[in-house]
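Spelled out, the chains give:
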Amino acid sequence: MKNTHIEKDSGAGKSSASGGGIKQFYAFVKKEFFHIWRDKRTLFILLGIPITQIIIFGFALTNEVKNSKIAIVDLSKDYASRQLIQKISASKYFDYDQRLYAYNEIDPAFKKGKIKMVVVIPQQFGNDLQHINSAKIQLICDGSDPNVATTLATYANAVILDYQMSINQQQKLPYRIESEIRMMYNPELKGAYSFVPGVMALILMLTCAMMTSIAIVKEKEMGTMEVILVSPLQPFGVVVAKAVPYMLLSMVNVMTILLLSVFVLDVPISGNLSLLIAESLLFTITSLALGLLISSVTDSQQVAMLVSLMGMFLPTVVFSGYMFPVENMPVPLQVLSNVVPSKWYYFIVKTIMIKGLGFSYVWKETLILIGMTILLFALSIKNFKTRLA
Amino acid sequence: MRTLFFLLQKEFRQIFRDPAILRIIFMLPTMQLIIIPMAADFEVKNINLAVADHDHSVYSQQLVQKITSSGYFKLIHYSSDYKEAFKEIESDKADIVMEIPVHFERDIVKDDASKLFLSINAVNGMKANLGGAYIQNIIQDFNNEIRVRLVQFPPIPPQTVISTTYSNWFNPFLNYKVFMVPAVLATLLTMVGAFLTALNIVKEKEIGTIEQINVTPIRKHHFILGKLIPFWVLGLVVMTVGLLIMRFVYQIHPVGSIFTIYFFAAIYLLAVLGLGLLVSTFADTQQQAMLISFFLMMIFILLGGLFTPIESMPSWVQKIVWLNPVSYFIEVVRMVILKGSGISDIRNHIFIILGFAVVLNGWAVFNYKKTS
């Protein structure tokens, strides 16, 4: 295939008027748009992913624990225990599902999978409360999901405390410390506030990096790259022309996400909108550079896609801080997370959009992103071989 | 039968000849299984605390000490300037700012009550909630200590006190990894089963070799079986690799029987392979197949109970989750590995997944026509 190697004679390229160069570039961009537009399924999914994610995160996913199925073992069976059981089942956190009669029924109940916690009321519960003013309750939690277990125990404690207070007729204790709490930036503790920035980072990465790299590699794989090389446009122009429609697509996605979060999820944009858009543009270019790098080192679509998934998508989800708290990770992973561009973008969006702070708070992170972009571009240009051996 | 045998030979050869795919099939699960459970720890700890102490009394300093020695909080700022402390929240260095007013100690002893002010960064709702709860618990505890020191309580408490004891079964150390690893395993299997199958078939469509097979006397069901069986085997191999990692890297010993897991996995793979097959009938290019699989996987994983409990979802979402095969697998894997559930406990799940397998495969076979 060596004889199909066409030398890109810059002299010939430059000799056509610069106006001609732009026209050719424009023609290429149009061609790329047609490619994307004609593939309605892909387009539909690319536009649909942010919407689906926002709907899922906004309405379906919550870390709040409620309606958990619990079982109660009442070994006392007196008035006091019945009152307590009533209080517990009235709570919106619990779904009183099963009544167990003996201690050895607890293990099989857990094994069946539905029960998350068992409350054991010991014998003589009512008697003890009356005569010695104290009693014990046992809480057994299914520790498989540690956070649910801890939360359920905290809620159960709160209900029991409530019951205790109702017996005591609210005598105030001496020497009290009262705490006044103010929740900042997100007074209703909505989960949406921390994931909308994450969805933005994810979508930009997906559209710009993954799709662009696959589009370029597809031409390589199919052999149409050679056909393109015969055209008078410089190879770099070919590549940029591929990137432009995806850039536009991602900006459309960003606007969709922002509109959805403001109007559907009630997450306001507290900061400067134009700064947010500018930073998003910067991140778009960073992802494009990453996509270019990937396409320059892979030869088949499947591999490009899997490398994008492993090298980009997974790190974005895991290390940006959007699903998992970064500070909980072992230190080497925390260090690794600094290499992922989405982590910086996520921080920038969170600071501008949720906290409403200005450029002075994000200039450091912006600089890091710019640096990464330049590095990625340099690497991919070095690697980029439009020559097919 | 002989045609099937030859087809299988061809498929296996093709898979093993592509070194990239093979490497990825084994590297992807390994890396995911190693990185995700280590990274995915939702336990709320390392909460950064900034304190503005206007009192500097014995009580205020004891309180701060008590908070930091609990292990959940890190004191990153201690001064008597509220503005300085507040800046720490703005720059994301602190999660909570506690302001101790002047005369804190004096007011408790003389006036019977004193106030503390807490400002919590609530961008991360769960962290704010739990962090707030922890710090309030510690403050209550501190309050009780002071009270006990200042007041003598008679042997029978004047007011009723109910105390609770608390124990955790199946995961006594509340290790989050024990929770995540089985679920990540389930997700991996789904990805390999559905994703790779779809890609494989669509690649043939795209290259054009499917046309060539279509003109041979090879029957529809031979072709489909020829595609499904290799990936079914591969899926079980990935499962084994995953179980080995779980055992030797994470030290998680399954309480239930491994046979139960394999049995369920074998049936589950049939269902996800059917899904992959179905997706391949709807896609014309690898790009499309990949995007469709990705889209479906994303929905399945998010709604599968991997990160957030299914019971907390609104009821209309829970009905949608019934259609999500991944959620059943995640549940079964957790149940068998952590609690030791047996086949009779997962009977319902088995039937449901068998149903999925029949429907998905049937639909796919119906869609696949030799002449397009």
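Fair warning: this is a prediction, and the values are worked out from it, not measured in the lab. (Residues numbered from 1 in each chain as written. Chains lettered and ligands numbered in written order. Predicted model: local features only at pLDDT ≥ 70, side-chain atom pairs only at ≥ 80, totals over all residues.)

Here we look at the interface of chain A and chain B
Part 1: Every contact between the two is made by 90 residues of chain A and, on the other side, 92 residues of chain B.
Part 2: Grouping the constituent residues of the side of chain A that touches chain B by class yields 47 nonpolar, 25 polar and 18 charged.
Part 3: In this structure, strand E5 (residues 176-184) of chain A lies alongside strand E4 (residues 113-121) of chain B, joined through nine bridges in parallel fashion. The residue of E4(B) that forms the bridge with A:Arg176 is B:Ala113. (Contact = placed C-beta atoms within 7 Å. Nonpolar A, V, L, I, M, F, W, Y, C, P; charged D, E, K, R; others polar. Pairing = 2+ DSSP bridges. Helix = DSSP H or I, 4+ residues; strand = E, 2+ residues; numbered from the N terminus.)

Things to note about the packing of helix H7 (residues 176-207) of chain B against helix H11 (residues 286-302) of chain B
Residue and element names in this part refer to chain B.
Part 1: Interaxial distance between H7 and H11 falls to 9 Å at its minimum, and their mutual angle equals 165°. In terms of orientation, H7 and H11 fall into the roughly antiparallel class. Considering only the axes of H7 and H11, their crossing is right-handed. Where H7 approaches H11, its residues Thr187, Thr190, Met191, Ala194, Phe195, Ala198, Leu199, Val202, Lys203 and Glu206 are matched on the opposing element by Gln286, Ala289, Met290, Ser293, Met297, Phe300 and Ile301.
Part 2: Classifying every residue of the contact of H7 with H11 by side-chain character gives eleven nonpolar, four polar and two charged. (Axes fitted to C-alpha atoms, helices over the stretch in contact; angles between N-to-C directions. Parallel < 35°, antiparallel > 145°, perpendicular 65-115°, else oblique. Left-handed = near helix turned anticlockwise from the far one by under 90°.)

Digging into the packing of helix H10 (residues 258-282) of chain B against helix H13 (residues 325-339) of chain B
All names here are of chain B.
Part 1: Relative orientation of the contacting elements H10 and H13 amounts to 175°, with a least axis distance of 11 Å. With respect to H13, the axis of H10 lies roughly antiparallel. In contact with Thr260, Ile261, Phe264, Tyr268, Ala271 and Val272 of H10, H13 contributes Pro325, Phe329, Val332, Val333 and Val336.
Part 2: For the contact of H10 with H13, the residue count by class is ten nonpolar, one polar and no charged.

Describing the domain arrangement of chain A
Part 1: What the domain assignment lists for chain A is domain 1 (17-60 + 191-383) and domain 2 (68-168).
Part 2: The C-alpha centroid of domain 2 of chain A is placed 50 Å from the C-alpha centroid of domain 1 of chain A. (Domains from an automatic or database assignment.)

Here we look at the domain arrangement of chain B
A common way to express how large an interface is: the accessible area buried when the components associate.
Part 1: Considered domain by domain, chain B is made up of domain 1 (2-40 + 174-367) and domain 2 (47-150).
Part 2: Put simply, the middle of domain 1 of chain B and the middle of domain 2 of chain B, counted by C-alpha atoms, are 49 Å apart.

Remarks on the sheet that holds strand E3 (residues 96-100) of chain B
Part 1: Taken together, the five strands give an open sheet; going across it, the order is E5(A)-E4(B)-E3(B)-E1(B)-E2(B), and neighbouring strands pair in mixed fashion. Where the open sheet ends on each side, the last strands, each with one partner, are E5 of chain A together with strand E2 (73-79) of chain B. Averaged over neighbouring strand pairs, the angle between their axes works out to 25° when direction is ignored.
Part 2: Here four bridges tie E3(B) to E4(B), and the two strands are oriented antiparallel to one another. Note on E4(B): the bridge partner recorded for B:Met98 is B:Leu118.
Part 3: Across the face of the sheet, helix H3 (residues 58-68) of chain B comes into contact with strand E1 (47-53), E2 and E3 of chain B while running at roughly 150° to E2(B).

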